[in-house]
Amino acid sequence: MPTIIRLAGAGLAAALFLTAATTTAGATTAPAGGPTLMRQRVVLTQAGNYPTEQNRHGVVSVSWRSIGTEDLTGPTHFTVDLPPGLTTGGAMFHSTPYDYTFTETVSPDGRHLEAVLSGNRRSGAEEFLQIPVVAEGTGPVTGAITARVANANDTIPTGHVSTYLLGIGLLPSLFAPKPRIGEVGATTGPGAGGTPVTVAGESLAGAMVLVGGVPAPGTCTDTACTVTTPGGSGSAAVTVVGPGGTVEAPAAFDYTGAPPPPPVAPSVSGLNTPSGPVGGGTAVIVTGEDLAGGTVSFGGWPATRASCGPQLCTATAPAADQPGPVDVTVTTAGGTSGPVAFTYAP
């Protein structure tokens, strides 16, 4: 089962972030003079103490930065592929505060890591995975470590693939090709989820499959994604989100029978800041339970920004019409929490 990992940031040296694509074998150069910034944008690279012939243990840091003009929203998907002879037991995600969920799985052979980050990431935020790796046997350590990132709201396919050639160094960032979908192996299944689905196509490496907008657990090679449907109801779009872009399957997935039970309703226990100016702009931390993926409201008005993990939301209070107390609530798919009070001061 995927695990939620939360760990405070550590003092790892900042890595170089590549935003421009260059021509590499088998890659395409991004159009000259094309856009390099958008409303929602993410780029990544890697660095670290890689294993060597003398030291078989290393730590790889896969780093990324939100560089758009708005919060990066929607699930963000990461993969890390290790060459033969290198293995990992999993990664630690470094970011605070804990206003997000982070899940990861590692393949049985320890060479493929799959991770999904859900939460609104502030523009300018820098975060990273710290991945311990071990080189088996003896002799030179060779091969390529490839990291990929994908988010449906980032439509500029540069800075999404990072390759480090052991013994050589970091290669230029690739301009990832857009995924193409062929056959979808199953298009119906129970509302409880759990239906195996294979999506055939091209340029699928590093992609994730969304069913009704929800990440489907599984993994993708360059030519096929093998996933398991999450729970749902009705007709749900099947979307592949890869480092090179997003494409929707021609046929939806139709859920049959009873839908899964609804999520538990959120509950709010308090605010770290109980008051702020009537003009808004106060940064507030909301604590509680079952808050993941929620939205935050002040007196019925949405926070100007919000991001929610299981037990914590960060939010920015909107402006109010007049001073006085208002109810702060969190709403998820499970319902709306009971209120706690926030007071707008003159």
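The coordinates are above.
Scoring rules and cut-offs
Residues numbered from 1 in each chain as written. Predicted model: local features only at pLDDT ≥ 70, side-chain atom pairs only at ≥ 80, totals over all residues. Heavy atoms only, no water. Helix = DSSP H or I, 4+ residues; strand = E, 2+ residues; numbered from the N terminus. Buried < 20%, exposed > 50% of the residue type's maximum accessible area, 1.4 Å probe, protein only. Contact = heavy atoms within 4.5 Å. Areas by Shrake-Rupley, 256 points an atom, 1.4 Å probe, with all protein chains shown as cover. Disulfide = S-S within 2.5 Å. Pairing = 2+ DSSP bridges. Axes fitted to C-alpha atoms, helices over the stretch in contact; angles between N-to-C directions. Phe/Tyr/Trp six-rings, centres within 6.5 Å; stacked < 30°, edge-to-face > 60°.

**Student:** What is the right way to look at the overall build of the protein in this model?
**Tutor:** If you tally the helices and strands in the protein, you get 0 helices and 33 strands. Going through the 346 residues of the protein one by one, you find that 48% of them count as buried. For the protein, the proportion of contacts with a sequence separation of at least 24, taken over those separated by at least 6, is 66%. A total accessible area of about 15300 Å² is found for the protein, and carbon and sulfur atoms account for 58% of it.

**Student:** What am I meant to see in the state of the cysteines here?
**Tutor:** The bond known as a disulfide is covalent and runs between the sulfur atoms of two cysteines. Across all of its chains, the model carries 2 disulfides by this definition. The disulfide partner of Cys220 is Cys225, and the S-S distance across this bridge is 2.0 Å. Taking the sign of the S-S torsion, about 110° here, the bridge from Cys220 to Cys225 comes out right-handed. On the basis of relative accessibility, which here comes to 0%, the residue Cys225 falls in the buried class. Residue pairing for Cys308: its cysteine sulfur links by disulfide to Cys313, the two sulfurs lying 2.1 Å apart. When the S-S torsion is 110°, as for the bridge of Cys308 with Cys313, the disulfide is right-handed.

**Student:** Would you take a moment to explain the sheet that holds strand β13 (residues 180-184) for this structure?
**Tutor:** The pairing of strands in a sheet comes from backbone hydrogen bonds and takes either a parallel or an antiparallel form. Read across the open sheet, the 4 strands follow the order β13-β15-β19-β18; overall the sheet is antiparallel. In this open sheet, the two strands that pair with only one neighbour each are β13 and β18 (218-220). Between one strand axis and the next, the sheet turns through 20° on average, direction left out of account.

**Student:** Explain the sheet that holds strand β17 (residues 214-215) to me, please; I cannot follow it from the model alone.
**Tutor:** Read across the sheet, 4 strands follow the order β17-β16-β21-β22 without closing on themselves; strand pairing throughout is antiparallel. The outermost strands of the open sheet, each flanked by one partner alone, are β17 and β22 (245-248). Summarising the sheet, strand β16 (residues 208-211) and strand β21 (residues 238-242) pair through 4 bridges and their orientation is antiparallel. Each bridged residue has a counterpart across the sheet, and for Val209 the counterpart in β21 is Val240.

**Student:** Sorry, what's going on with the environment of Thr223 here?
**Tutor:** Locating Thr223 in the fold gives a position in the loop between β18 and β19 (224-228). Expressed as a C-alpha distance, the spacing of Thr223 and Val199, which sit 24 residues apart in the sequence, is 8.5 Å. With residues up to four places along the chain from it excluded, the contact list for Thr223 reads Val199, Ala200, Gly201 and Leu204.

**Student:** Explain unusual backbone geometry here, please?
**Tutor:** Trans is the common state for peptide bonds, and a negative phi is the common state for residues other than glycine. For the bond running from Thr96 to Pro97, omega is -5°, close enough to zero to count as cis. Tracing the backbone shows Pro97 in the loop between β6 (92-94) and β7 (101-106). Not every positive phi belongs to a glycine, and Ser203 is a case in point at roughly 55°. Looking at where Ser203 falls in the secondary structure, it is placed in the loop between β15 (196-202) and β16. Take Ser203: its relative accessible area is 21%, and that puts it in the partly exposed class. Despite not being glycine, Asp290 has its phi angle at roughly 55°, a positive value. Within the secondary structure, Asp290 is located in the loop between β26 (283-289) and β27 (295-298).

**Student:** Can you help me understand the packing of aromatic side chains in this one?
**Tutor:** By convention here, two paired aromatic rings are described through the distance between centres and the angle between planes. Within this structure, the stated rule accounts for 9 aromatic pairs. When the ring of Trp64 is compared with that of Phe78, the centres are 4.2 Å apart and the planes differ by 35°; the resulting orientation is tilted. Note that Trp64 is positioned in strand β3 (residues 57-66) and Phe78 in strand β4 (residues 76-81), a separation of 14 residues in sequence. Accessibility assignment for this pair places Trp64 and Phe78 in one class, buried.

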